[in-house]
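Per-entry structural report
One-letter residues, chain by chain:
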Amino acid sequence: MVIQNIPASAEVNASGGSGIYTYSWSASCEGTFSDPTAASTEFTGLYDGSCIITCTVTDACGRVTFSNLPIEIQVNECNPIVGKNVIKGFTYRDNNGNAQFDENETTSQEQQYNYSKM
């Protein structure tokens, strides 16, 4: 399952064929790929529902193969909060999707906090 608006990793390992491979990622739903021409990428789905992620691999001789991955995109039910000095002693860091508490931190400027249901 993939959470709406949260990047999810995808990777293919090509073998056989001839020479250098090229990659092309596509999706049957709306979303974006961090690098649609790499063997490894991240997909961010924009809407909830079923989706098929496809990676097409072409070898140096022009032979083509592909792999399909059906996924379910789940709605991110928590909307962002935007405000000024709304929370004292709380910092949200999205690097790993973890909330970090710092009792000395005060939001002194307008910030957006994105929360994900886990």
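For the structure, see preceding data.
Attention here is on the structure that accompanies the text. (Residues numbered from 1 in each chain as written. Predicted model: local features only at pLDDT ≥ 70, side-chain atom pairs only at ≥ 80, totals over all residues. Heavy atoms only, no water.)

Quick look at the overall build of the protein chain now. Helix and strand counts for the protein chain stand at 0 helices and 11 strands. For the protein chain, the succession of helices and strands along the chain, N to C, is β-β-β-β-β-β-β-β-β-β-β. For the protein chain, the residues scored as buried account for 25% of the 118 residues in total. Accessible area of the protein chain: about 8,000 Å², with a carbon and sulfur share of 48%. (Helix = DSSP H or I, 4+ residues; strand = E, 2+ residues; numbered from the N terminus. Buried < 20%, exposed > 50% of the residue type's maximum accessible area, 1.4 Å probe, protein only. Areas by Shrake-Rupley, 256 points an atom, 1.4 Å probe, with all protein chains shown as cover.)

Evaluation of the coordinates by the stated rule reveals 1 salt bridge. A salt bridge links Asp 59 to Arg 63, with the shortest nitrogen-to-oxygen separation between them at 2.9 Å. When its relative accessible area of 47% is taken as the criterion, Arg 63 is described as partly exposed. (Salt bridge = Lys/Arg side-chain N within 4 Å of Asp/Glu carboxyl O.)

So, on to the pairing of strand β7 (residues 64-74). Here strand β1 (residues 2-3) runs beside β7; their pairing, made up of 2 bridges, is parallel. Across the sheet, the residue bridging to Val 2 is Ile 73, located in β7. Of the strand pairs in this sheet, strand β6 (residues 49-58) and β7 are connected by 10 bridges, and their pairing is antiparallel. By the bridge assignment for β7, Gly 49 is matched with Ile 73. (Pairing = 2+ DSSP bridges.)

Our focus in this paragraph is the nonpolar core. Val 12, Trp 25, Phe 43, Ile 53, Cys 55, Ile 71 and Ile 73 are the most contacted members of the largest nonpolar core, which totals 13 residues. Going through the elements one at a time, β3 (22-27), β6 and β7 are the ones with two or more residues in this core. It is β6 that contributes the most residues to this core, 4 residues altogether. Non-local contacts of Ile 71, meaning those with residues more than four positions away in its chain, are made with Val 2, Phe 43, Gly 49, Ser 50, Cys 51 and Ile 53. (Core = buried A, V, L, I, M, F, W, Y, C linked by side-chain atoms within 4.5 Å. Contact = heavy atoms within 4.5 Å.)

So, on to the sheet that holds β7. Read across the sheet, 4 strands follow the order β1-β7-β6-β3 without closing on themselves; strand pairing throughout is mixed. Because the sheet does not close on itself, it has two edges, and the strands there are β1 and β3.

Here the focus is the sheet that holds strand β4 (residues 31-33). Read across the open sheet, the 3 strands follow the order β2-β5-β4; overall the sheet is antiparallel. Either end of the sheet is taken by a strand with one partner, and the two such strands are β2 (8-11) and β4. Taken pair by pair, the neighbouring strands of this sheet meet at an average axis angle of 30°, ignoring direction. Bridge count between β2 and strand β5 (residues 40-45): 4 bridges; the pairing is antiparallel. In the sheet register, Ala 10 faces β5, and the bridge partner there is Thr 41. (Axes fitted to C-alpha atoms, helices over the stretch in contact; angles between N-to-C directions.)

Of note, Asp 59 is situated in the loop between β6 and β7. Residue Asp 59 is classed as buried on the basis of its relative accessible area, which comes to 8%. From its side chain, Asp 59 meets the backbone nitrogen of Cys 61 in a polar contact 3.0 Å long. Here Asp 59 is in contact with Gly 17, Ser 18, Ile 20 and Tyr 21, once residues within four sequence places are set aside. (Polar contact = N/O pair within 3.5 Å; in protein donor to acceptor, adjacent residues only side chain to side chain.)

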